[in-house]
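Okay, here's what each chain looks like letter by letter:
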Amino acid sequence: MARERREPRTLLEHLIQQSDRTYEELAEEFSRHDPRAAISARHLGRLARGERDLSGSTPATRRALQALFGRPVEELQRPWAPDTPSSIPEQRGTLALPGTGPERTILAMAAQRARNYAMLAAEATTPAAIQQLAEDVQRLALAYPQQPVTQLIGDLAETQDTLFTLLERRQPPNQSRDLHFLAGITSGLLAKVSHDLADPHAAMLQTRTAVLCAEQAGHPGLQAWLRGMQSLVAYWAGRYAEAVRYADAGREHAIEAGGTTAVWLPANAARAYAALGNAEQAKAAITEAEQAWSRVRPDDLDAMGGICTFNQPRTLYYAADALAWLPDQAAEAEEYASQAVTAYADPHDPAWAFGDQAGSHADLAIARIAGRDLDAATDAITPVLDLPAEQRINGIVHSVRRVHQAITRAGLTADARDLVDGIEHFTHTPANALPR
């Protein structure tokens, strides 16, 4: 006997029932047609039940909902009534979003082929070709903190291949320096991809090659940034003493360069010291990072933007992440985490980064668990648990696991059963498990 469907609470929930598709199927359709509209089945269900407001969703998600169901988003979350006209237009059976479709793919492939020819056909690399490559690398550096890594891997790998192909030829000294500088950044970004997909071995291989490129470019800022990347990879791999050593190894280069990496390196060290239980060194490193801002002189690496520069919101997040390791510093950790959550509240801000935003929420949850406020901790971590699988990168998964560990250490597992179940479901579907 078929189970009777319960009465829907919103028009959106009614339309989903009428479509006879599961939330999982609809969530897959979103990401298949427009990766920017990626949404988890769990979050879609909350929107349909009216537990989450669509006004807080991304513009891409709102466009996708409107395209799929043929209704303005404001109408979709209105309370459903039996007399509400609610059929789905037949032509809306699948998403048809602007900018997608086979013709767009063909045009993109043709443009990429033309670019490769212009880069590689000439015997000598022209200034115009190097400028184009610099723009490509900058575009990827800007996109990295704000887009799922699975959307960037292809472009990054192809850009690295182009740069290495050019460097295998004999180049004039100036062009060689510029190409090595760009290859070092690109390899550093690919190291971050490997880390985000939980492959620290591949990440370290990429950083070692990147360091060679930085040495050939004679660029102290890039050398310091890559030591920071190695410190980050070691930290999330649980090799905390190694993370401190990498951060220390880059400091001389960072001082010479004068850029924001001089803030990043002690911030990296602070997290690793805290994970080792060294509260005194951790707090000293936080102070060092905050004071370093007064001496920053942005260099050409900072000018690339995105992941190549360290900013004030990340300083807050790293301080919170460090102090969250230290039970006696829970109040200060909560203060830093609250400031970081506020700083990352606007996804349209150029400094916004989904990974650091998620980490800030996790640190806020840990601090609130230390104060035995489970409701407030749940409010803090819930937006992270709603992230789609492609955004569940290695650092975020580890941060969420730390929330689980904090609940266990506090002896609150029985009182937080729903939250623990949500965390375990989240960590079972990380980004590195997705097909690529």
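Note that the structure is a prediction, hence the values are computed from the model and not measured. (Residues numbered from 1 in each chain as written. Predicted model: local features only at pLDDT ≥ 70, side-chain atom pairs only at ≥ 80, totals over all residues. Heavy atoms only, no water.)

Caption draft 1: Structural view of the overall build of the chain. Helix and strand counts for the chain stand at 21 helices and zero strands. Counting across all 436 residues of the chain, residues that qualify as buried make up 52%. Across the chain, the fraction of contacts at a sequence separation of at least 24, relative to all contacts at a separation of at least 6, is 68%. A total accessible area of about 20,300 Å² is found for the chain, and carbon and sulfur atoms account for 51% of it. (Helix = DSSP H or I, 4+ residues; strand = E, 2+ residues; numbered from the N terminus. Buried < 20%, exposed > 50% of the residue type's maximum accessible area, 1.4 Å probe, protein only. Contact = heavy atoms within 4.5 Å. Areas by Shrake-Rupley, 256 points an atom, 1.4 Å probe, with all protein chains shown as cover.)

Caption draft 2: Representation of the nonpolar core in the model. Within the largest apolar cluster, 109 residues are counted, with the highest numbers of intra-cluster contacts made by I185, W225, I381, I396, V403 and I407. Sequence-distant contacts of W225, that is, excluding residues within four places in its chain, are made with G184, I185, G188, L189, T261, W264, L301, I307 and C308. (Core = buried A, V, L, I, M, F, W, Y, C linked by side-chain atoms within 4.5 Å.)

Caption draft 3: Quick peek at the confidence of the model for the chain. In this model, the chain carries a mean pLDDT of 86, and residues with pLDDT of at least 70 account for 84%. Taken element by element, the predicted model of the chain shows its lowest mean pLDDT in helix α6 (residues 102-120) (58) and its highest in helix α14 (residues 261-275) (98). In this model, residues 87-100 is a region of pLDDT below 50 whose contacts with residues beyond four sequence positions or in other chains number 32 contacts. (pLDDT = per-residue confidence, 0-100.)

Caption draft 4: Quick look at the side chain of N311. Structurally, N311 is set in the loop between α15 (279-292) and α16 (312-323). The exposure class of N311 is buried, given its relative accessible area of 16%. Separated by 3.0 Å, the side chain of N311 and the backbone nitrogen of R314 make a polar contact. Leave out the neighbours within four places in its chain, and N311 touches W293, Y344 and A351. (Polar contact = N/O pair within 3.5 Å; in protein donor to acceptor, adjacent residues only side chain to side chain.)

Caption draft 5: A look at unusual backbone geometry. Even without glycine at this site, A198 takes up a positive phi of about 65 degrees. In this fold, A198 is placed in the loop between α9 (173-196) and α10 (200-217). For R372, which is not glycine, the phi torsion reads 60 degrees and is therefore positive. Within the secondary structure, R372 sits in the loop between α18 (354-370) and α19 (374-385). Relative accessible area serves as the criterion here: at 51%, R372 is assigned to the exposed category.

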